[in-house]
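# Descriptive analysis of the structure
Next come the chains, spelled out residue by residue.
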Amino acid sequence: QVQLVESGGGLVQPRGSLRLSCQASGIIFSSYMMGWYRQAPGKQRELVATITGGGYTYADSVEGRFTISRDNAKNTVFLQMNSLKPEDTAVYYCTYRGIFWGQGTQVTVSS
C-alpha cells in the first residue's frame, strides 16, 4: 500500500522560508519520479518541482527560490522554499509518479 505523508507546512511571513517533507512507504522510492504540486483556492493544481534519477524540473515561478531533494535511505523527498511570496500560498501535495498523492500540507505566506 502506497502512502505519502507531507509535513512542514505553516504560516510564514513574506521573504521567509519553509521546508516541506514527504515520507513515502510502500514504493520503490529511488527508482521513480517524486514531485511537489500545489493548489491555491480557485485554481488548478500546478507543478512546483519534480526529481528523478536524471535531474530536476521546476516551475518558472519558483525557479531559483525552491529546491527539491531526496534522501533515498529515508524514503523522503524535501522541498526547501526560500524567499516566499504571498502568491506561494497553497496546499502543497507530494506525488509519486503523478499517480499516488499525499493528503497535502497548507502553506500560507502572509504578514
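Treat the numbers as computed from the prediction; the structure is a model and nothing was measured.

What counts and how
Residues numbered from 1 in each chain as written. Predicted model: local features only at pLDDT ≥ 70, side-chain atom pairs only at ≥ 80, totals over all residues. Heavy atoms only, no water. Helix = DSSP H or I, 4+ residues; strand = E, 2+ residues; numbered from the N terminus. Rg over C-alpha atoms; globule rule 2.2 N^0.38 Å. Buried < 20%, exposed > 50% of the residue type's maximum accessible area, 1.4 Å probe, protein only. Contact = heavy atoms within 4.5 Å. Areas by Shrake-Rupley, 256 points an atom, 1.4 Å probe, with all protein chains shown as cover. Lys, Arg positive; Asp, Glu negative; His and termini not counted. Charge placed at Lys NZ, Arg CZ, Asp CG, Glu CD. Salt bridge = Lys/Arg side-chain N within 4 Å of Asp/Glu carboxyl O.

## Quick look at the overall build of the protein
Summing up its helical and strand segments, the protein has zero helices and eleven strands in all. In sequence order, the protein lays out its α and β elements as β-β-β-β-β-β-β-β-β-β-β. Here the C-alpha radius of gyration of the protein, 13 Å, is about what a compact globule of 111 residues would show, namely 13 Å. Here the protein holds 111 residues, and the buried ones make up 41% of them. Look at the contacts in the protein between residues 6 or more apart in sequence, and 54% of them connect residues 24 or more apart. Here the protein displays about 6,000 Å² of accessible surface, and carbon together with sulfur accounts for 46% of that area. One way to put it: in the protein the 10 positive side-chain charges average out to a point 3 Å from where the 7 negative ones average out.

## Here's the deal with the pattern of salt bridges
Taken as a whole and assessed by the stated rule, the structure comprises three salt bridges. Asp88 is the partner of Arg38 in a salt bridge, and the nearest nitrogen-oxygen pair spans 2.9 Å. Placement of the pair is Arg38 in strand 4 (residues 34-39) and Asp88 in the loop between strand 8 (76-81) and strand 9 (90-96), with a sequence separation of 50 residues. Its relative accessible area of 6% is what places Arg38 among the buried residues. Using a relative accessible area of 0% as the deciding quantity, one classes Asp88 as buried. Two residues, Asp88 and Arg65, come together in a salt bridge whose shortest N-O distance is 2.8 Å.

From the geometry alone we can't say anything about function, so treat these as descriptive.
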